[in-house]
Amino acid sequence: MRQLSLDINIAGIKMKNPIITASGTFGYGLEYSQLIDIKKFGAIVTKTITLEPRIGNPQPRIVEVVGGMLNSIGLQNPGAKVFIEEKLPKLKEYGVPIIANISGSKEAEFVKLADLFKDIGLSGLELNISCPNVEHAGLFAQDADTTYKLVRKVRKVTSLPLIVKLTPNVTDITLIARAAEDGGADAISLINTLIGMSIDIQTKRPKLANVIGGLSGPAVKPVALRMVYEVSKKVRIPVIGMGGIMTSDDAIEFLLTGASAVAIGTANFVNPNTCCEIIEGIKTYMRDNKFNRMLDIIGQLR
Amino acid sequence: MKIFNVKKEIIENKKVSSNCYRMTFESKEIACRVKPGQFLHIKCSDTYDPLLRRPISVHSIENNIIGILYKVIGRGTGLLSKKTSGDPIDVIGPLGNGFDYQLVSNCQLPILVGGGIGIAPLYFLAQRLVERGSNITVLIGASDKCNILCIDELKKLDCKVKVSTDDGSFGLRGTVIELLKKEISSTNSKLKLFVCGPVPMLKQVNQLVSKDNVSSQVSLERQMACGVGACMGCSIKIRNPKSEIRKNKMFDYKRVCKDGPVFDIKEVVWEDI
Ligand SMILES: Cc1cc2nc3c(=O)[nH]c(=O)nc-3n(C[C@H](O)[C@H](O)[C@H](O)COP(=O)(O)OP(=O)(O)OC[C@H]3O[C@@H](n4cnc5c(N)ncnc54)[C@H](O)[C@@H]3O)c2cc1C
Ligand SMILES: Cc1cc2nc3c(=O)[nH]c(=O)nc-3n(C[C@H](O)[C@H](O)[C@H](O)COP(=O)(O)O)c2cc1C
Ligand code: FES
């Protein structure tokens, strides 16, 4: 049998396959380690880390909707110190590239975190400038100029590969993606959740305590795919596609459309083995379609 | 602790009251590790509707046969109830932290307090406590005579069972809280409570025991996405005077799925549940 190569290098992050965990859906990698073989993944993206611990939003924080879910977690996390001291050492044992997803409510907090995370053995940083569940962070990625300035400032303090994660809740995603690239981003992640809501008609109240939340899951896939399509034509840096990927067919759609790698989020909740199944599914697709290298699939959309 | 994702055949799925079912399947992996109060994360559909798994407690263990007892609430449990013997079922478990029943000492009297479907995890706890030789009392609260669950099974285990119904059609008329009040006032040994039921009931138990200072563990419910502690969807406030979270020094957020679902009643910030 021919040797298949699923290798991909994203801005210097060497991955053995293009399958990444989406931030916030895989904790700090450790929660799922009792259930699945994390060593097989291309890379792990952590839950968003902020400078100080955050308690997150009130309950209920999760609502199921048709074809997806809404969440308003509000970036609950133990803060940078606990991440560095307690989570990261254990995560490193898996020998998989670790990308820390960071966020802040002010530019200065992103810069400080990026500086703090310089020499701790990470493979890359993902800037979450697009979380819909906190007051300020969403706004960064809704304005091209703010995005440009923020990325440029972070760029100055770190030589780690810099991935910028964008929100789909904008008029023209390509403008924001270009701004991130101009600011010095090495890759773009698309998409964070879409803003949505859900109502209990008996109590006549919103189902989420925070009223609005982020929509993820199968329902968002067409939107995510369209954005990867638009952005990958407009930027020179690689795009990491995510949003509603449940199967290897979904993942291959993103790769064909121009994503160099894909992240799996909500699907982990439904089937924790999704990432491993997608890796196998991509191999089967490569064999069936005579691709030796996964790389050759990327952007093959006709 | 190792967690398993198993795909098994349903042995039996039987209606046991107007809206509750008991399902069994065999899983050695889970059966030999699971503790009372722990739960399973069950896929109710082969499609994306509903998308997320449903948390359901382990109700009984006999040899390697796992039993669950569940109430039909909405789409997920509705689909579950339609399954029949031989159908496949996709289950993750054991999840969460169960009851601390090993700590029950000889001078303590374990009382299990179940409201409605809350009896589900308590029957498994009763099985284990009886194996350890404890003399236990189970207080069951139900809406009416037709919805009393597990009474015969519990009696078979030689538990002392007391029942209340809201409409008085069986046992004491009133809620399980009335039964509990009587129990607290009529015994002079130290009580240890294990409680599961709807939130208003849990709050009343909390009021009762904070007066009498009775050691109590409660099992809580929350909407869950991952069930393993990764998404922070199920977090609740837990008292912690030494909390490191600034500005809110009095509590931490803990995950019902991973740090619970069983908590000490005194830890829970009940105003926010
Ligand atoms: C740790 C734990 C153990 C449980 N054990 C049992 C048990 O042994 N027997 C039993 O009958 N029920 C149990 N429940 C409650 C059970 O999970 C819900 O009744 C069930 O999820 C309802 O799903 P549905 O699709 O039928 O209802 P829907 O109303 O359609 O559910 C919609 C959404 O709400 C969530 N949800 C609704 N009610 C609850 C609830 N009470 N708790 C958590 N999530 C909920 C569902 O997961 C789903 O996301 C347990 C809950 C938890 C958290
Ligand atoms: C429960 C939950 C929590 C999330 N938390 C974060 C987060 O902390 N940081 C972040 O950048 N994205 C977060 N996301 C967004 C995901 O990383 C991803 O972009 C989105 O869910 C779309 O992918 P999916 O449809 O595969 O889930 C979260 C998503 C979910 C469902
Ligand atoms: S359900 Fe995900 S952390 Fe509890």
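Below is a short write-up of the structure. (Residues numbered from 1 in each chain as written. Chains lettered and ligands numbered in written order. Predicted model: local features only at pLDDT ≥ 70, side-chain atom pairs only at ≥ 80, totals over all residues. Heavy atoms only, no water.)

What to know about the pairing of strand β14 (residues 212–216) of chain A
All names here are of chain A. This is how the line gets drawn: Any two strands with at least two DSSP bridges between them are considered paired. Secondary structure elements are taken from DSSP: a helix is a run of H or I of four residues or more, a strand is a run of E of two residues or more, and numbering for both begins at the N terminus.
Here strand β6 (residues 68–71) pairs with β14 via three bridges, running antiparallel. Bridge pairing links methionine 69 to serine 216 in β14. One ladder, built from four bridges, connects strand β11 (residues 194–197) with β14; its direction is antiparallel. When the bridges of β14 are listed, glycine 196 appears paired with glycine 213.

Side note on the sheet that holds strand β3 (residues 19–21) of chain A
Residue and element names in this part refer to chain A. Applicable threshold: Angles shown run from 0 to 180 degrees and are taken between the N-to-C directions of axes, each axis being a line fitted to C-alpha atoms and, for helices, limited to the stretch in contact.
In space, the eight strands of this closed barrel follow the order β3-β4-β7-β8-β9-β10-β15-β16, with parallel pairing throughout. For this sheet the average axis-to-axis angle between neighbouring strands, irrespective of direction, equals 25 degrees. Two elements, strand β15 (residues 239–242) and strand β16 (residues 261–264), share three bridges in a ladder whose sense is parallel. When the bridges of β16 are listed, glycine 241 appears paired with valine 262.

Let's talk about the site of ligand 2
Counted only if it meets this: The nearness test applies per residue and asks whether one of its heavy atoms lies within 4 Å of the molecule or strand. Residue-level accessible areas treat just the shown protein chains as cover; the underlying method is Shrake-Rupley with a 1.4 Å probe.
Of all residues adjacent to ligand 2, which total 21 residues, the nearest are Ser23(A), Thr48(A), Lys165(A), Gly244(A) and Thr266(A). When ligand 2 is considered free in solution it has 600 Å² of accessible area, and contact with the protein chains removes 98% of it.

As for the site of ligand 1
Quick reminder of the rule: We call two N or O atoms a polar contact when they sit within 3.5 Å, provided that within protein one can donate a hydrogen and the other can accept it, with sequence-adjacent residues counted only if both atoms are side-chain atoms. The classification used treats Ala, Val, Leu, Ile, Met, Phe, Trp, Tyr, Cys and Pro as nonpolar, Asp, Glu, Lys and Arg as charged, and all other residues, Gly among them, as polar.
Neighbouring ligand 1 are 21 residues, the closest being Pro55(B), Lys71(B), Gly76(B), Thr77(B) and Glu221(B). Residues within reach of ligand 1 are spread across chains A and B. Between ligand 1 and Ser57(B) there is a distance of 2.9 Å, counted from a nitrogen atom to a side-chain nitrogen or oxygen. Within the side chain of Glu221(B), an N or O atom sits 2.4 Å from a nitrogen atom of ligand 1. At the level of secondary structure, the elements contributing two or more residues to the shell around ligand 1 comprise β4 (54–57), β6 (65–71) and α2 (75–82) of chain B. With four residues, β4(B) is the single largest residue contributor to the shell around ligand 1. The residue makeup of the shell around ligand 1, split by class, is 10 nonpolar, five polar and six charged.

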